[in-house]
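# Structural overview for review
One letter stands for each residue in the lines below.
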Amino acid sequence: MIEFVNVSKSFWTGKTRKVILDQANFRVELGQSLGILAPNGTGKTTIINMMAGLEHADEGRIVRTSKISFPLGVVGGVNPKQSGQENCRFIARLYGLDPDEVEAFCRYLVDIKEYFEMPVATYSSGMRSRFMFALMLSLDFDIYLIDEGMPSTMDVAFNRRAGAILRERLQQGTVVIVSHKPKVLEAHCDRAAVLRHGRLYIFDTLEEAKELYDYTR
């Protein structure tokens with residue numbers, strides 16, 4: 001479970017204060033995936049980072065009682081100077097998992113052949129995105145945090161394989177997706193919210209959230 005209790009967050013832009021959240025109260029229960037709709041530049045990534053513990057609230061409390069992933073594409077502990085193989089084994093030990101299983105899982109899913117034994121710093125942006133997403137899936141969290149869905153740099157074959165595994169994970173886990181596109185949320189979210197002027201409006205269905213989102217854009 002993730003719960004925001006009277007959470008506020010803002011940034012000083014140099015000219016004015018940009019409010020991301022203003023006294024937000026909501027909860028993400030296990031088994032109830034949530035999609036958050038918001039235009040670009042309104043704080044979607046900040047909210048995901050706060051859920052992961054990468055950013056702190058100005059006011060209020062964020063309660064976490066489950067195993068929560070890093071945001072898609074951000075996995076703590078990855079060393080770009082080490083190979084994909086070395087990183088997989090290190091991260092597995094960090095999370096108390098079997099290094100052989102994590103390595104085999106990522107090797108299959110990423111499918112970059114000899115590059116798997118090369119430093120991550122040498123990967124293209126697409127290869128790095130696939131590797132980081134595969135590594136996140138290998139860790140088997142209770143709640144997965146995804147910013148804007150799968151990046152466009154990922155290829156179709158990877159999206160098919162990773163999407164199938166993600167759907168399997170969600171049978172037992174939960175996902176929080178933030179995006180400016182309602183279609184990104186359709187496959188995985190039971191309910192949805194709209195972020196507008198620092199307020200988060202929660203709805204029981206994606207259709208209800210889309211109505212407000214389309215009206216206020």
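Preceding this section is the structure that the text describes.
Residues numbered from 1 in each chain as written. Predicted model: local features only at pLDDT ≥ 70, side-chain atom pairs only at ≥ 80, totals over all residues. Heavy atoms only, no water.

### Observations regarding the sheet that holds strand β4 (residues 59-64)
Put simply, the rule reads: The pairing criterion for strands is at least two bridges between them, as found by DSSP. A run of DSSP states H or I qualifies as a helix once it reaches four residues; a run of E qualifies as a strand once it reaches two. Both are numbered from the N-terminal end. Note on geometry: axes are C-alpha line fits, over the in-contact stretch for helices, and angles between N-to-C directions span 0 to 180 degrees. Should any heavy atoms of two residues lie within 4.5 Å, those residues are considered in contact.
Strands sit in the order β2-β1-β4 across an open sheet of 3 strands; the sheet is antiparallel. At either margin of the open sheet sits one strand with a lone partner, and together these are β2 (17-28) and β4. Here the strands of the sheet are splayed against their neighbours by 25° on average, with no regard to which way each runs. Of the pairings in the sheet, the one linking strand β1 (residues 2-12) to β4 comprises 5 bridges and is antiparallel in character. Across the sheet, the residue bridging to S8 is E59, located in β4. Sitting on the sheet, helix α1 (residues 44-52) is in contact with β1, β2 and β4, with an inclination near 130° to β1.

### Brief notes about unusual backbone geometry
With a phi angle near 55°, Q23 is a residue other than glycine that sits in the positive phi range. Mapped onto the fold, Q23 is located in strand β2. Phi at D140 is positive, roughly 55°, even though this residue is not glycine. Structurally, the position occupied by D140 is in the loop between α4 (125-138) and β6 (143-147).

### Details of the pairing of β6
Threshold: Any residue under 20% of the maximum accessible area for its type is buried, any over 50% is exposed, and the rest in between are partly exposed; the area is computed with a 1.4 Å probe on protein chains only.
With respect to burial, β6 is a largely interior element, 4 of its 5 residues being buried. Across 2 bridges, strand β5 (residues 68-71) lies against β6 in parallel orientation. Directly across from I68, in β6, lies its bridge partner I143. Across 5 bridges, β6 lies against strand β7 (residues 174-179) in parallel orientation. Counterpart to L145 in the pairing with β7 is V176.

### Re the pattern of salt bridges
Spelled out, the test is: One speaks of a salt bridge when a side-chain nitrogen belonging to Lys or Arg is within 4 Å of a carboxyl oxygen belonging to Asp or Glu.
Considering all chains together, one arrives at 12 salt bridges under this definition. Taking the shortest distance from any N to any O, the salt bridge between R27 and E3 comes out at 3.2 Å. Of the two residues, R27 sits in strand β2 while E3 sits in strand β1, which places them 24 residues apart along the sequence. Relative accessible area serves as the criterion here: at 38%, R27 is assigned to the partly exposed category.

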